[in-house]
Amino acid sequence: MKITLVAGARPNFIKIAPLIRAIEQEQQAGSPIDYRLVHTGQHYDDRLSKIFFEHLNIPDPHVNLGAGSGTQAEQTARIMVAFEKDLREHPCDMVVVVGDVNSTMACTIVAKKMMVPVAHVEGGIRSFDMTMPEEINRIVTDSIADFFFTTSRVAGENLRKAGIGEERIFFVGNTMIDTLLTSLPRTQQPELWRKHNLKVGQYLVLTLHRPSNVDEPERFASIMDTIDTSAGMEVIFPIHPRTQKNFDGLSRKPSHIKPCEPLSYLEFIYLLQHARGIITDSGGVQEETTVLGIPCVTMRSSTERPETVTWGTNEIVGDQLDALGHAMKSMQQGTWKKGSIPELWDGKAAGRIIRQIIKLLR
Ligand code: UD1
Ligand code: UDP
């Protein structure tokens, strides 16, 4: 009973860590399940890849396909060509993909054309924003995958509306939250804490990497200006490599915003845990702040994770900069809504997934 597990980008590594732990537990209990870990190489900088393997105790991948960066088509095509060869040389009973990045879609297409069943962890979420490359990845992946492990009831509804039968949908919870909950006792204070003399609850965190926010220099500069002038406290900004060039090109250097390189997971979660609030366009950060109960402003016009708004501490401000400024004021005044934790985000999702996969493959 062999599965091939695919991961390619930063958030994927965080999602697969508990799956591998759950496989190891089932093996110890005598299950015949085994896995091959394929890293597509979509992310390759140590700070986006290697450090996550080290800090989350993820074993070295069996192969790195070395796909690297490029246009959407170049990257997707390189992953497909390399994965097809790898899957031919290393047949398996099921391919398991996670999330919504190009690696997720590319490997799903390859596996299905080679008649290998595919399970999608985090299936069914939708932003209904077709300008996002991730939304295209989600729709393509979910239209051909065989089994869906969902993080919310809304995701299951989206799949049913697309005609997917009940017997293929499994509401299991959220592997990203599995990793968060197991990592909380091990978080690490980043060096910048002392450098900037940070104090609990007296700084903000910022992450931005969506093309719609960071690729166009003028739009990016006006977001930076708004945040800098509304902050009233230091804003720690671990910069995703996609965002670096336009940050370096800013004509007015922000005074409150303190840039740094991407942080390790254990450092980043430490920073989130103790922050007054977060401004982000990340998918995973919306979920983590909901579980941590930290105010989160999302710089997007929609979210594929609506439970973080209806249950959690997330607010969507779209592309309205005055709404962003207003939200930041509310963070400073401490008048942010209190959230609650979405159903089944209990740290046990990966075990449910692996036990179900074993049943499906029996
Ligand atoms: C990708 C995913 C996005 C996810 C994000 C997580 C797609 C379409 N996008 O976006 O859904 O939220 O990862 O972080 O799959 N770069 C480096 N070093 C690296 C990787 C990238 O410098 O290790 C730079 C390159 O200039 C590259 C750019 O970042 O062109 C974008 O990388 P890419 O993987 O294409 O997309 P992300 O923006 O990282
Ligand atoms: N993250 C991290 N270091 C950072 C920024 C983010 O470890 O400097 C983590 C964060 O905690 C979350 C994940 O990276 O678990 C989110 O990844 P990203 O925002 O790149 O992708 P998305 O979730 O938007 O697809």
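Residues numbered from 1 in each chain as written. Chains lettered and ligands numbered in written order. Predicted model: local features only at pLDDT ≥ 70, side-chain atom pairs only at ≥ 80, totals over all residues. Heavy atoms only, no water.

Draft legend 1. Representation of the layout of surface pockets. The computed volume of the largest pocket comes to approximately 1,000 Å³. Ala9, Pro11, His43, His209 and His240 are, among the 47 residues lining the largest pocket, the residues nearest its centre. Among the secondary structure elements, those contributing two or more residues to the lining of the largest pocket are α1 (10-28), α3 (72-89), α5 (133-144), α11 (241-248), α12 (265-273) and α13 (283-292). Of the residues assigned to the lining of the largest pocket, the class counts are 19 nonpolar, 16 polar and 12 charged. Its boundaries defined by the atoms lining it, the second largest pocket holds a volume of some 240 Å³. Asp129, Thr131, Ser212, Arg300 and Ser301 are the residues nearest the centre of the second largest pocket, which is lined by 15 residues in total. (1 Å grid on protein atoms, 1.4 Å probe; cavity = no way out; pocket = protein on both sides within 12 Å on 5 of 7 lines; lining within 4 Å. Points joined across faces, edges and corners; volume = space filled by probe spheres on them. Helix = DSSP H or I, 4+ residues; strand = E, 2+ residues; numbered from the N terminus. Nonpolar A, V, L, I, M, F, W, Y, C, P; charged D, E, K, R; others polar.)

Draft legend 2. Examining a nonpolar patch on the surface more closely. On the surface, Met130, Ile136 and Ile139 cluster together into a nonpolar patch covering about 260 Å² of accessible area. Examined against the element boundaries, isoleucine 136 turns out to sit in helix α5. (Patch = residues over 30% accessible without salt bridge, like charges linked within 9 Å, V, L, I, M, F, W, Y side chains within 5 Å. Areas by Shrake-Rupley, 256 points an atom, 1.4 Å probe, with all protein chains shown as cover. Salt bridge = Lys/Arg side-chain N within 4 Å of Asp/Glu carboxyl O.)

Draft legend 3. Broad picture of the site of ligand 1. Residues in close proximity to ligand 1 total 18 residues, the closest being His43, Tyr44, Asn102, Glu134 and His209. Arginine 210 has a polar side-chain atom sitting 3.5 Å from an oxygen atom of ligand 1. Relative to its unbound accessible surface of 740 Å², ligand 1 loses 85% to contact with the protein. Counting atoms within 2 Å of the grid points, the majority share of ligand 1 lands in the largest pocket. Where the shell around ligand 1 is concerned, the elements lending two or more residues are α3, α5 and α11. Class assignment for the residues of the shell around ligand 1 results in 6 nonpolar, 8 polar and 4 charged. (Near = heavy atom within 4 Å. Polar contact = N/O pair within 3.5 Å; in protein donor to acceptor, adjacent residues only side chain to side chain. Sits in = over half its atoms within 2 Å of the grid points.)

Draft legend 4. Quick peek at the pattern of salt bridges. Scanning the model with the defined rule gives 25 salt bridges in all. The salt bridge involving lysine 112 is made with aspartate 146; its shortest N-O contact spans 3.0 Å. Of this pair, lysine 112 sits in helix α4 (residues 102-113) while aspartate 146 sits in the loop between α5 and β6 (147-150), and the two are 34 residues apart along the sequence. You can call lysine 112 partly exposed: its relative accessible area is 27%. Its relative accessible area of 17% is what places aspartate 146 among the buried residues. The salt bridge involving arginine 305 is made with glutamate 122; its shortest N-O contact spans 3.4 Å. Of the two residues, arginine 305 is situated in the loop between β12 (296-298) and α14 (307-310) and glutamate 122 in the loop between β5 (118-121) and α5; the sequence distance between them amounts to 183 residues. (Buried < 20%, exposed > 50% of the residue type's maximum accessible area, 1.4 Å probe, protein only.)

Draft legend 5. Focus on the pairing of strand β9 (residues 234-238). Extensive coverage of β9 is indicated by the burial of 4 of its 5 residues. Sheet topology note: the strand β8 (residues 203-207)/β9 ladder contains 3 bridges and is parallel. Counterpart to valine 205 in the pairing with β9 is isoleucine 236. In this sheet, strand β10 (residues 257-260) lies alongside β9 in parallel orientation, the contact comprising 4 bridges. Among the inter-strand pairings, valine 235 is bridged to a residue of β10, identified as isoleucine 257. Handedness of the β-α-β unit built from β9, α11 and β10 comes out right-handed. (Pairing = 2+ DSSP bridges. Right-handed = clockwise from strand over helix to strand, strands pointing away.)

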